[in-house]
Structure formats: C-alpha cells, structure tokens
Amino acid sequence: MYRVVFLVLLYIFSLGCSSNNEGIEERLEPSLKVESWAYQLQNASVEELSNSPFELVVIDYSRDGTEDGRYTREEIEKLKERGKIPIAYISIGEAESYRFYWNDTWSSEPPSWLGEENTDWKENYAVKYWDVEWKKIIYNYIDKIVSQGFLGLYLDKVDEFEYWAGKERLTEEDTAQRMIDFIEEIASYCREKLENCYIVPQNGERILGFDKGKLVSIVSGWAVEDMFYDGTVPVPIAETEERLLFLSRIKNTGKPIFSVDYVDDGINSEENINKVKDYLSKAKDSGLIPYVARTDRNLDELVIIKW
C-alpha cells in the first residue's frame, strides 16, 4: 500500500516539475531527435559504424581505452559526414586504471578522493565526484573528446550517488544533489567549448526523484541498461515499472530515452530470437529507443538485428 502511494505521489510530482520547466528546457539543451542508436566501447570500427543503420553512436574516445588508441578527428568527422551523431562515453563516477589520467602510485598511495575498487568491474574505482581534483581530471577528459570532434557526452556511473549515500556522513539527498550539480557543471563546461553539446546520462534514474527541474532541463536524453532483461532473465515487471516512472520526467519533455539490454547470446536459436524480439517490443511499447547487446557485456561488437 505504501509503495503504491509513493509511486502515485512521485508521478504527480514529476508531471508538475516537467510542466513548470518547459521554458528552461528550450533554452538550455539542444534538440536530440533520433530513432536508433548503437553502443560499442571496444574496437569500434569507424567504417562499420559509418555504414550501419544507426543514427546515434556511442563509442569510447579510444579503440582500446588507452591514449594511444584515440580516434582521430578525421575519423570522427567521417562519422558525421555519413549522418551519424558520435557521442563519447565517459565515466564520471568511477576512475579507471587504464585511462590516461591514472597514476600508478595511486595503488599504494591513493588520493583522498579515490575510493574502493568495484568488485564487479576490476580496475574501476569509486571516486568522490564532488572533489575538485577529480573534476579537473574530467574537464581535461572533456577537452580531449571535444578536440576529437565528438558531438556530446555519454555520462556513465551517475548511480554512484547511491554508493556514497551513508558514507562520509552524507545522506542520499546530499549525494544526489552533488551529482546533479556535477552534471550541470559538466554540461556548462562542454557547451562553452561546443555550443550544442549533447548530454546523455546512463542509469541512476532514481536521482530524478531528487531533482527540482534543473537536471531534466539540462540533459538531452537519458540511457538505461537492463530495463527489461538482466542478461537472458526477464526483469520483474514491478522493477521495470518503477524505473519507467522515474524516467517519465524525461519522457514528458519529449527527450529520448535510450535502452540497452544484454539479451542476445549470439546463437541463432528460436529461444534467443524470441527473447530479443520480446525486448525490442517491450522497449518500443514503452517509448524507449532500444539497442540489443551481447550477453557477455563486453560491448566489443556492433549488433545489427536483421530479422
């Protein structure tokens, strides 16, 4: 009973906030109108992406995550010439030990803003994203991305605000507001250098429950993982509905919501095909723009569904 009341109140609140900020939204964020997208973070081929049917492509700034593997400006321009919108992946809530900014001494003498390693993703470490030193690293990262010719930023680990809640004497409201402020600063920084810089956060949509309209007005859309399937296992309907309720604040503004489920095992079996079709159907029926990824979660190949 309490859960139902909470969700109803949240929905009413979300409608009120979205309607009160329509004017702000038009002034602050560029329009992002696409019907398809792709998501590949390892060894993405510019040639393959250029010839693909996808309108928006999210890739890493580098083929292998290292500085030596960076895409050239000419390669990113080729994507744009072929009608693609190239968006660069960047983790703003975790530090990655294979990135250009990593200092090997941090393993034994970590800076004050560096937290624990993610047990699910080795070489990824929680960060106090509100720390000035971490922000400097991110701004330097954005400079590289903008110089390459990317048209926007795909912000991962927005949900890190949940990790820090209850730590450092911070409430979840504190950590959520600090993440909202950080995204606003990132958007402002990028748009000073690239006027129509697209900003697309991934996951952490619960943060919208703490937003007073600012975040909704800043972003160009939102992205989510595992909305309908956790691998090949269906997600409980109640969990999906709760997430969609938070995302309704984005949807009500007409901004796109990108969905990626790692549901495709790569086997041309009837069972696999039916699961992929079910995911695509559910995503589209919910007003999301779907992308099918492999169950290994490596995001190291471009998946194009031809049936």
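A brief structural summary. (Residues numbered from 1 in each chain as written. Predicted model: local features only at pLDDT ≥ 70, side-chain atom pairs only at ≥ 80, totals over all residues. Heavy atoms only, no water.)

Quick notes on the sheet that holds strand β13 (residues 289-294)
The sheet built from three strands is open, its strands ordered β9-β12-β13 with parallel pairing. Looking along the sheet, the strands with just one partner apiece sit at the ends: β9 (222-225) and β13. Pairwise comparison of adjacent strand axes, ignoring direction, gives a mean angle of 25 degrees for this sheet. Pairing of β9 with strand β12 (residues 257-264), which is carried by four bridges, proceeds in the parallel orientation. Paired with Val224 across the two strands is Ser259, which belongs to β12. (Pairing = 2+ DSSP bridges. Helix = DSSP H or I, 4+ residues; strand = E, 2+ residues; numbered from the N terminus. Axes fitted to C-alpha atoms, helices over the stretch in contact; angles between N-to-C directions.)

Thoughts on the state of the cysteines
All chains considered together, the criterion is met by one disulfide. Each disulfide pairs two cysteine sulfurs, and for Cys190 the partner residue is Cys197, the sulfurs being separated by 2.3 Å. Looking down the S-S bond of the Cys190 and Cys197 bridge, the torsion is 85 degrees, so its handedness is right-handed. Here the two residues Cys190 and Cys197 agree in accessibility, since each one is buried. (Disulfide = S-S within 2.5 Å. Buried < 20%, exposed > 50% of the residue type's maximum accessible area, 1.4 Å probe, protein only.)

Observations regarding helix α7 (residues 172-193)
Over its 22 residues, α7 runs 32 Å from end to end, which matches the ideal 32 Å to within 8%, given 1.5 Å per residue. Taken as a whole, α7 has its buried residues at Thr175, Ala176, Met179, Ile180, Phe182, Ile183, Ile186, Ala187, Tyr189, Cys190 and Arg191. (Expected span 1.5 Å × (residues − 1).)

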